[in-house]
Amino acid sequence: MINTNKYIITLGFLSVFLLVSGCGHNPKVADVVQNGDFSEGFKSWDINKTEKGLNVVEVVSLDEDKNQLLHVKRTNSGADGTYCGVFQRLDLPLKGIRNLVLEARLRPVSHTLRGTGRYGGEAPIGIRLRVEDASFPKGLKLWDVGFYTHGNNQYPHMQLVEADKWLQFKKDITKEFPSTATIQAIQVIGSGWDFEGYA
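Everything quoted here is computed from the prediction, not taken from an experiment.

Right, let's get into the packing of aromatic side chains. Between two aromatic rings, the relevant description is the distance of the centres plus the angle of the planes. What the rule picks out here adds up to four aromatic pairs. Here the aromatic rings of Phe38 and Trp45 are separated by 5.2 Å at their centres, their planes lie at 25°, and the arrangement is stacked. Judged by its relative accessible area of 5%, Trp45 falls in the buried class. Centroid distance Trp166 to Tyr198: 6.4 Å. Interplanar angle 50°. Geometry classified as tilted. Placement of Trp166 in the loop between strand 11 (158–160) and strand 12 (167–172) and of Tyr198 in strand 14 (residues 195–198) is noted, with a sequence separation of 32 residues between them. For Trp166, a relative accessible area of 24% translates into the label partly exposed. The buried category is assigned to Tyr198, whose relative accessible area is 10%. The ring of Trp166 has Arg105 lying over it, and the distance from NZ or CZ to the ring centre is 4.1 Å.

As structure tokens, this is what we get:
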């Protein structure tokens, strides 16, 4: 049963969706993220990748998992960091939201960059929200969570996990942003030197 008092983002195996509801006795519920389970390939998603290195952004079905999955991989980086993944515009105002819960099923496979990089945002798989509000410097804030498999880290939003294993992530992010903010977009990306991951 869905709790319509919550806005939920779920990625990967459980699909990507954002349930939006109003307040009151009979709140209206709508799914904001389109094609969140990647069952229609990249429909409703934009691919983000640079020309540095050999970047792979594809939707695949693995032998042990019949669901469609996002696969990101980068090789031949030459120890030069960048990212690749997918992006979807949401333009979701947070006014009136009671709960905002981010949930994801992810699988970081490998990365050659030791740790999370000098800026602390590099991992073989992660989620980024682009959030707009007048209170932020330049009106924009990037909220990240990433999963890496070895090395050092000094950033609380990055998590050390076991390599090549599925993990379930769930976090209430309701208090991360002011109620006047708008979630502009969601990204599912890998970043760093050479890396590979799934969502």
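On we go.
With that out of the way, let us pick up the confidence of the model for the protein chain. Averaged over every residue, the pLDDT of the protein chain is 82; the share at 70 or more is 83%. Predicted confidence is poor over residues 10–15, with pLDDT under 50, and the contacts of this stretch with residues over four places away or in other chains come to 20 contacts.

The next point concerns empty space enclosed by the protein. Tallied over the entire structure, the rule returns one cavity of 30 Å³ or more. Taken as a whole, the largest cavity holds about 70 Å³ of empty space. The set of elements that each furnish at least two residues to the lining of the largest cavity consists of strand 9 (125–132), strand 10 (140–148) and strand 13 (182–192). With four residues, strand 9 is the largest single contributor of residues to the lining of the largest cavity. Residue classes in the lining of the largest cavity are distributed as six nonpolar, five polar and two charged.

The next point concerns unusual backbone geometry. A positive phi angle, close to 75°, is found at Ser44, a residue other than glycine. Topologically, Ser44 is positioned in the loop between strand 3 (29–31) and strand 4 (46–49). Its relative accessible area of 38% is what places Ser44 among the partly exposed residues.

About the thresholds
Sequence order sets the numbering: in each chain, residues are counted from 1 along the sequence as written. Owing to the predicted nature of the model, reporting of local features is limited to residues with pLDDT of at least 70; listing and counting of side-chain atom pairs is limited to 80 or more, with chain, interface and lining totals taken over all residues. In computing side-chain properties, one takes all heavy atoms of the structure into account and sets aside hydrogens as well as water. Aromatic rings from Phe, Tyr and Trp, taking only the six-membered ring of Trp, are treated as a pair when their centres fall within 6.5 Å; an angle between ring planes under 30 degrees marks them as stacked, one over 60 as edge-to-face, and anything in between as tilted. For each residue, the accessible area found with a 1.4 Å probe, counting protein chains only, is set against the maximum for its type, and the residue is called buried under 20%, exposed over 50%, and partly exposed in between. By definition, any uninterrupted DSSP run of H or I lasting at least four residues is a helix, any uninterrupted run of E lasting at least two residues is a strand, and each is numbered from the N terminus. Lysine NZ or arginine CZ positioned within 6 Å of the ring centre and within 35 degrees of the ring normal marks a charge as sitting over the ring. One number per residue, pLDDT, summarises how confident the predictor is, and it ranges from 0 to 100. What makes two residues a contact is simply this: any of their non-hydrogen atoms within 4.5 Å. Buriedness for pockets is judged along seven lines, at least five of which must meet protein on both sides within 12 Å for an open set on the 1 Å grid over protein atoms alone, while cavities are sets there where a 1.4 Å probe fits but cannot get out, and lining residues have an atom within 4 Å of a point. Grid points are joined across faces, edges and corners, and a volume is the space filled by probe spheres set on the points. Amino acids outside the nonpolar list (Ala, Val, Leu, Ile, Met, Phe, Trp, Tyr, Cys, Pro) and the charged list (Asp, Glu, Lys, Arg) are all regarded as polar, and Gly is one of them.

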